[in-house]
Amino acid sequence: MAARSGREPGRGGRKRPAGGGETRTGAALGLFAEVVLAGVLVALGSLLLVTAVPSVAAGVAHVRRQVTGHDVGVARFARDWWAAVRTLWPLGLAAVGVALLLALDWQLARTDLLPGASVVAVVVAVAAAAVVAVLARAAGAWSEPVGPARGEARPRTASETLAEGVQRTQDDLTGSVLLAAAAALCVVFVWMLPPLVLVVGGLLSLAVVGVEARRGRTAV
């Protein structure tokens with residue numbers, strides 16, 4: 001009877017590489033570093049406020065390239081940011097206007113000057129969550145190539161990006177709720193520790209990439 005070797009062979013009789021754990025750890029650390037870098041770059045790119053949506057779109061593209069093993073870097077982010085600003089500035093401007101309107105409604109609801117102020121507050125909160133989900137979905141859709149070839153095609157226009165964001169929000173309500181929750185957590189992080197504003201852009205970009213990957217897996 002042959003003696004046992006003391007180790008169980010892997011699937012197909014092949015021994016699992018000893019460096020597999022180290023490779024996964026290195027990939028996780030690399031992703032963490034790029035998420036932090038994306039957060040800083042998104043924060044800097046959002047200083048003009050109207051560039052917040054384009055900055056998140058560039059951040060999503062940055063994180064997606066890291067996850068898929070493509071080239072990343074500050075120079076590449078800068079090119080993506082400029083392309084997103086030129087394309088999505090109407091969406092960024094509209095986002096600022098909607099945010100100011102919702103903030104005004106929220107303040108009015110808190111003053112109890114309006115009848116049914118509690119109902120107004122709930123409606124404003126739901127509307128804000130919906131807007132955040134649509135904008136996050138749009139930011140994720142912008143850098144995806146248009147067309148069946150999925151190659152280096154033209155980026156979507158602002159109207160196409162918004163329409164795609166609305167469609168994805170409707171088609172994947174669970175993922176949209178997750179994105180709204182991620183945005184709410186980012187707000188809480190900044191409220192608890194303001195310097196985290198330099199990181200939350202990367203975290204939100206990572207959440208968008210994760211939800212889009214989930215959508216791809218659950219689509220049938």
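Structure first, text after, so check above.
Only a predicted model underlies this, so the values are computations on that prediction, with no experimental measurement involved.

Colleague: So what about helix 5 (residues 158-171)? Which residues, and what values?
Modeller: Between its first and last C-alpha, helix 5 extends 20 Å over 14 residues, near the 20 Å set by a 1.5 Å rise per residue. Along helix 5, the residues that are buried comprise A158, T161, G165, R168 and T169. One face of helix 5 carries all of its buried residues, which in axial projection span an arc of 105 degrees. Helix 5 presents S159, Q170 and D171 as exposed residues on the side facing more than 90 degrees away from its buried surface.

Colleague: A description of the pattern of salt bridges should follow, citing residues and the corresponding values.
Modeller: If you walk through the whole model with that rule in mind, you get seven salt bridges. For D80, the salt bridge identified is with R76, shortest N-O distance 3.7 Å. Of this pair, D80 and R76 both sit in helix 3 (residues 74-110), separated by four residues, roughly a single helical turn. Take D80: its relative accessible area is 11%, and that puts it in the buried class.

Colleague: I'd love a proper account of helix 6 (residues 173-192), names of residues and values included.
Modeller: With 20 residues, helix 6 should cover 28 Å at 1.5 Å per step; its first-to-last C-alpha distance of 28 Å lies within 8% of that length. Residues of helix 6 that are buried include every one of G175, S176, L179, A180, A182, A183 and C186, and no others. For helix 6, the arc enclosing every buried residue in end-on projection is 155 degrees, short of the 170-degree limit, so these residues lie on one face. Exposed residues lying more than 90 degrees from the buried face of helix 6 are L173, V177, W191 and M192.

Colleague: An account of the nonpolar core is needed here, citing residue identities and associated values.
Modeller: With 21 residues, the main nonpolar core has A57, L88 and W142 as its most contacted residues. Taken together, the elements giving at least two residues each to this core come down to helix 1 (20-45), helix 2 (52-68), helix 3, helix 4 (117-142) and helix 7 (200-218). The greatest single-element share of this core, amounting to five residues, is contributed by helix 2. Formed by five residues, the second largest nonpolar core is a distinct cluster that contains V53, L91, L135 and A138.

Colleague: Describe a nonpolar patch on the surface, naming the residues involved and giving the relevant values.
Modeller: Residues L185, V188, F189, W191, M192, L193 and L203 make up a contiguous nonpolar surface patch of roughly 730 Å² in combined accessible area. Tracing the backbone through its elements, the reader meets W191 in helix 6.

The rules we used
Residues numbered from 1 in each chain as written. Predicted model: local features only at pLDDT ≥ 70, side-chain atom pairs only at ≥ 80, totals over all residues. Heavy atoms only, no water. Helix = DSSP H or I, 4+ residues; strand = E, 2+ residues; numbered from the N terminus. Expected span 1.5 Å × (residues − 1). Buried < 20%, exposed > 50% of the residue type's maximum accessible area, 1.4 Å probe, protein only. Arc of directions from axis to C-beta. Salt bridge = Lys/Arg side-chain N within 4 Å of Asp/Glu carboxyl O. Core = buried A, V, L, I, M, F, W, Y, C linked by side-chain atoms within 4.5 Å. Patch = residues over 30% accessible without salt bridge, like charges linked within 9 Å, V, L, I, M, F, W, Y side chains within 5 Å. Areas by Shrake-Rupley, 256 points an atom, 1.4 Å probe, with all protein chains shown as cover.

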